[in-house]
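A structural walkthrough
The lines below spell out each chain.
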Amino acid sequence: MSTLAITGGRVLLPDLRVVEADVLVDADAGEVLDVDESREVAGDDDLDASGGLVMPGLVNAHTHVAMTLLRGYADDKPLDAWLQEDIWPAEAEFGPRDVRAGADLGILEMVKTGTTAFADMYFHVPEVVDAVRESGVRARVGHGAVTVGKDDEGARADVEESLDVAREFQGAADGRVSTALMPHSLTTVDEALLREAVETAREEGIPVHFHANETLDEVDPIVSERDERPLAYADDVGMLGETDFCAHGVHVDDAEIELLAERDTAVVHCPASNMKLASGMAPVQAMLDAGVTVALGTDGAASNNDLDAFDELRDAAMLGKLAADDASAVPAEAAVRMATEGGADALGIPAGRVEAGALADLVVVDFDEPHLTPAHDPVSHLAYAVTGSDVRHTVCDGRVLMRDRQVLTMDESKVLARARDRARAVADRAGGE
Ligand SMILES: CSC[C@H]1O[C@@H](n2cnc3c(O)ncnc32)[C@H](O)[C@@H]1O
Ligand SMILES: [Zn+2]
């Protein structure tokens, strides 16, 4: 067994107490072996955490990672106009190598800002899987199925691709890749095909991930056409299981919140995207009060416009108060839990906590910085003051992916150059006549 010792720092424990301790990792099994307050650990390799805080790697539980190529491509519009006028026409120009370049860029950004696991809904998924495999991060991936605007054959093929991708890549990259059936949303996938695919997913134990209740423009037609709330429809289709997770959950009523809690279906709150697209304010404190598992997601980089999950943590704590009209809503502790154990629970991975037996998906945050001084309460800083650039080291599955801000598994300048080239070419093709 080879071991990694993370020494000299303080550690954020699962109960959110912060103690002086070293962390010993089984680098082969990718698991935490010990959190040692006596500071007597020694490992085959050592990461210096002095002046820093060892904490779980953040989980970005909803993104479209290759959308980094469209960062800043189209801003300042609401969801429907943004997707239909700008984003979907540009994505129609994406080939597999564009998705790979965008995925590499997004993963590089996430590793540098402390994210160790993410959920990704996109297309050309084999490229995303390759990017995950080579970079060393962890992801739950899926093909986002959309049937609107397609003929019967194309619609069925897209939904089947989502199931096929989920089957093919489950367990890839030494188990760091898991999958889900990913119907894009309740309004963009035909009901009969959705029911059929979800039934198959249930038979085969495949989780389901989808966008839900993001805007009123999406919710209102469902209510008027079906005479039921969107999540009642989703429940009837069978897509509110305990392994399922939906993104957004902005416009949910009390009965839908209750349903999510009863079914143990996680909601991925995406505060920056919801603010930028003016989609609305999710009732996060009400969901937490009801016992719903709430995770955090950046959504794609075109509606955020970065993949720094520490930004999301801060936005969640801030927007949660505004939504509840209560400064005590979504306190720092709740936001930190959403970004760590909430995300890990949504993705179904035994991470998000620094404790023996948990996956060794860990980051060290440098607290020796002016904007983090003094540190009366480290958890307060994690929610309100830390940014992704404060992350010193990133470890996933027991392997050091970034040491002293140097990413070891990716060639940073090549990733940036390729992404610039690919983004320019996509924009040219999309803008050309
Ligand atoms: C078909 S793959 C996923 C699909 O989702 C699009 N997308 C990006 N952001 C959002 C959002 O906030 N709501 C709904 N859909 C979104 C993305 O552009 C891909 O086409
Ligand atoms: Zn999304």
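The rules behind the values
- Residues numbered from 1 in each chain as written.
- Chains lettered and ligands numbered in written order.
- Predicted model: local features only at pLDDT ≥ 70, side-chain atom pairs only at ≥ 80, totals over all residues.
- Heavy atoms only, no water.
- Core = buried A, V, L, I, M, F, W, Y, C linked by side-chain atoms within 4.5 Å.
- Buried < 20%, exposed > 50% of the residue type's maximum accessible area, 1.4 Å probe, protein only.
- Helix = DSSP H or I, 4+ residues; strand = E, 2+ residues; numbered from the N terminus.
- Pairing = 2+ DSSP bridges.
- Axes fitted to C-alpha atoms, helices over the stretch in contact; angles between N-to-C directions.
- UniProt positions renumbered as here; feature names shortened; annotations may be inferred.
- 1 Å grid on protein atoms, 1.4 Å probe; cavity = no way out; pocket = protein on both sides within 12 Å on 5 of 7 lines; lining within 4 Å.
- Contact = heavy atoms within 4.5 Å.
- Near = heavy atom within 4 Å.
- Polar contact = N/O pair within 3.5 Å; in protein donor to acceptor, adjacent residues only side chain to side chain.
- Nonpolar A, V, L, I, M, F, W, Y, C, P; charged D, E, K, R; others polar.
- Phe/Tyr/Trp six-rings, centres within 6.5 Å; stacked < 30°, edge-to-face > 60°.
- Lys NZ or Arg CZ within 6 Å of the ring centre and 35° of its normal.
- Points joined across faces, edges and corners; volume = space filled by probe spheres on them.

Quick word on the nonpolar core
Formed by 111 residues in total, the largest nonpolar core has its most connected members in W82, I107, F210, M239, F310 and L382. When residues in this core are grouped by element, the largest group, seven residues, is from helix α2 (residues 96–112). Counting residues in each nonpolar core, the second largest holds 18 residues, with I6, L13, V19 and A360 among its members.

Quick word on the sheet that holds strand β14 (residues 245–248)
With parallel pairing, the four strands of this open sheet are ordered in space as β13-β14-β15-β16. For this open sheet the edge positions go to β13 (209–212) and β16 (294–296), each flanked by a neighbour on one side alone. Pairs of neighbouring strands in the sheet enclose a mean axial angle of 30°, with direction left out of account. Direction of pairing for β14 relative to strand β15 (residues 266–269): parallel, over a ladder of three bridges. By the bridge assignment, A247 is partnered in β15 with V268.

Side note on the UniProt feature "binding site: Zn(2+)" (unreviewed entry) in the chain
Taking the numbering used here, the UniProt-annotated feature "binding site: Zn(2+)" (unreviewed entry) corresponds to H62, H64, H211 and D299. Taken along the chain, the residues just named run across 238 residues; in space they keep tight, none of their C-alpha pairs more than 11.8 Å apart. In the annotated group above, the largest pocket draws its lining from H64, H211 and D299. One can find H62 in strand β8 (residues 58–63). If sequence neighbours within four positions are ignored, H62 has contacts with A119, H209, H211, A247, H248, V268, C270, L296, G297, T298 and D299.

Some thoughts on the environment of A427
With respect to the helices and strands, the residue A427 is situated in helix α14 (residues 412–431). For the pair A427 and I6, spaced 421 residues apart in sequence, the C-alpha to C-alpha distance is 44 Å.

Thoughts on the site of ligand 1
Neighbouring residues of ligand 1: 17 residues in total, closest W88, E91, H184, E214 and D299. Measuring from an oxygen atom of ligand 1, one finds a side-chain N or O atom of D299 at 2.8 Å. Among the secondary structure elements, those contributing two or more residues to the shell around ligand 1 are α1 (79–91) and β9 (115–122). If one sorts the elements of the shell around ligand 1 by residue count, α1 sits on top with six residues. Residues that form the shell around ligand 1 fall into these classes: nine nonpolar, five polar and three charged.

Let's talk about the packing of aromatic side chains
Tallied over the full model, the rule gives three aromatic pairs. Seen in terms of ring centroids, F94 and Y122 are 6.2 Å apart; in terms of plane orientation they differ by 65°. Their pairing is edge-to-face. With F94 in the loop between α1 and α2 and Y122 in strand β9, this residue pair connects regions lying 28 residues apart in the sequence. When sorted by exposure, F94 lands in the same class as Y122, which is buried. Through successive ring pairs, a cluster of aromatic residues spans F94, Y122 and F123. A cation over an aromatic ring shows up here: R226 above the ring of Y233, its NZ or CZ 3.8 Å from the ring centre.

Observations concerning the layout of surface pockets
Roughly 680 Å³ of volume is contained in the largest pocket. L83, W88, V146, H184 and T188 are, among the 34 residues lining the largest pocket, the residues nearest its centre. Sorting the residues of the lining of the largest pocket by element identifies α1, β9, β10 (138–145) and α6 (216–226) as the ones contributing at least two each. With eight residues, α1 is the single largest residue contributor to the lining of the largest pocket. Among the residues forming the lining of the largest pocket, the class breakdown is 13 nonpolar, 13 polar and eight charged.

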